[in-house]
Amino acid sequence: MVGLDADHEAWTAAQSTTTAVVDGRELDVAYYEAGRDNGGPPVIFLHGIPTWSFLWRGIAPAVAEDRHVIAPDLVGYGNSQRSDDFDRSIRAQTSVLSELVAESDHDEVALVAHDIGGGVALRYAAARPEAVRKLVLSNAACFDSWPVEFINSLGVPGVVEGWDDEEFEEKMSFLFAEGAHGEADPEFVAGMRAPWARDGGRPALSRAAVATNTNHTTDIDYGAITAETLCLWGADDVLQPIDNAERLADAVAADVTVVPLDDAYHWVTHDRTEAYREHLRGFLSN
């Protein structure tokens, strides 16, 4: 198990790989796993765009002290397959999640999800309500709340691929450093930019952006979701505002608790790491 302050290289070294089939294509999926010998349904952590499982470095290892945790890199992201020949939409990511759940050999799971990972979790929980015991959503893509304008712009052909190194650094700083509440942790920023800085990273970022499809969250039957739900939300987020959490609370069939975390923007797991851990572990243990 990696420490709560692991850098992105240590996180990568701790990952394993498996495969999942999307539209008939077998794709490589990297994932962090810990606490396999612990009891209870696995807790699966789902990141969003443009992050990877490193988003959960200050959260998942703590949960793994008493639960089995799995934190995959969505296909097209992080250290998972990033070639240019497959769909990486929320619909496709839900197929990957289904295979990961099947591999876990459990009938139920708990899902913890951020950004478009929230869209994936919501689709899965609506389609398979009996399989999701608990659902945690953080600043999640839902209904018609996404994609945001900046992410949309990255999907325009040639935009990201046309950045020179200076412009790339400016955009990464805008996304992660300026997007943090207060001063950003340099390792968070370095870790988030690292996959996109590698060979093939810029085309992969563009493909991830163009795969954002609002229809994949507007067509969810939110009333079919029966999992006990916690909306653990960065209260100052302007991209996915707290109003969306209240809207989810009204739409989901199950009991929903909304917990706003003040002094937190979209990167809530970075901005309020300790508070996030505390609330999450309390909810999962009840």
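Scoring rules and cut-offs
Residues numbered from 1 in each chain as written. Predicted model: local features only at pLDDT ≥ 70, side-chain atom pairs only at ≥ 80, totals over all residues. Heavy atoms only, no water. Salt bridge = Lys/Arg side-chain N within 4 Å of Asp/Glu carboxyl O. Helix = DSSP H or I, 4+ residues; strand = E, 2+ residues; numbered from the N terminus. Buried < 20%, exposed > 50% of the residue type's maximum accessible area, 1.4 Å probe, protein only. Contact = heavy atoms within 4.5 Å. Polar contact = N/O pair within 3.5 Å; in protein donor to acceptor, adjacent residues only side chain to side chain. Expected span 1.5 Å × (residues − 1). 1 Å grid on protein atoms, 1.4 Å probe; cavity = no way out; pocket = protein on both sides within 12 Å on 5 of 7 lines; lining within 4 Å. Points joined across faces, edges and corners; volume = space filled by probe spheres on them. Nonpolar A, V, L, I, M, F, W, Y, C, P; charged D, E, K, R; others polar.

All right, on to the pattern of salt bridges then. A side chain of one charge can pair with a side chain of the opposite charge when the charged atoms of the two come close. Evaluation of the coordinates by the stated rule reveals 15 salt bridges. Note that Glu 108 is salt-bridged to Arg 133, the shortest N-O span being 2.6 Å. One end of the pair, Glu 108, is in the loop between helix 3 (90–103) and strand 5 (109–114); the other, Arg 133, is in strand 6 (residues 132–138), with 25 residues separating them in the sequence. What makes Glu 108 partly exposed here is its relative accessible area of 27%. Between Glu 228 and Lys 134 there is a salt bridge, with its nearest N and O atoms 3.8 Å apart.

Further remarks concern unusual backbone geometry. Across the junction of Ile 49 and Pro 50, the peptide omega takes the value 5°, indicating a cis bond. Looking at the element boundaries, Pro 50 is found in the loop between strand 3 (43–46) and helix 2 (60–63). Omega for the peptide link from Trp 146 to Pro 147 comes to -5°, which places this bond in the cis form. The residue Pro 147 is located in the loop between strand 6 and helix 5 (149–154) in this model. The backbone of Asp 105 sits at a positive phi, close to 65°, despite the residue not being glycine. Residue placement: Asp 105 occurs in the loop between helix 3 and strand 5. Phi angles above zero are rare outside glycine, and Phe 143 is one such case at about 50°. Along the polypeptide, Phe 143 turns up in the loop between strand 6 and helix 5. In this structure Phe 143 comes out as buried when scored by relative accessible area, which is 9%.

The next subject is the environment of Tyr 222. The topology assignment puts Tyr 222 in the loop between helix 9 (215–218) and strand 7 (228–234). Residues Tyr 222 and Leu 284, spaced 62 residues apart in sequence, show a C-alpha to C-alpha distance of 21 Å. The residues contacting Tyr 222, other than those within four sequence positions of it, are Leu 122, Cys 142, Phe 143, Thr 217, Leu 248, Ala 251, Val 252 and Ala 253. Within polar-contact distance, the side chain of Tyr 222 engages the backbone nitrogen of Phe 143 at 2.8 Å.

Given a rise of 1.5 Å per residue, 14 residues ought to cover 20 Å, and the 20 Å separating the end C-alpha atoms of helix 3 matches this to within 8%. Every buried residue of helix 3 is accounted for by Ile 90, Ala 92, Gln 93, Thr 94, Val 96, Leu 97, Ser 98, Leu 100 and Val 101. A positive phi of about 65° marks Asp 105, the residue just after helix 3.

Turning next to the layout of surface pockets. Each pocket or cavity is described by its volume, and for the largest pocket that value is around 390 Å³. Put simply, the parts of the chain that give the lining of the largest pocket at least two residues each are helix 5 and helix 6 (165–177). The residue makeup of the lining of the largest pocket, split by class, is 15 nonpolar, three polar and four charged. Leu 4, Phe 54, Leu 55, Arg 57, Gly 58, Ile 59, Asp 185, Phe 188, Met 192, Thr 269, His 270 and Thr 273 together form the lining of the second largest pocket. When contributions to the lining of the second largest pocket are tallied by element, the ones reaching two or more residues are helix 7 (186–197) and helix 11 (268–271). The class makeup of the residues in the lining of the second largest pocket is six nonpolar, four polar and two charged.

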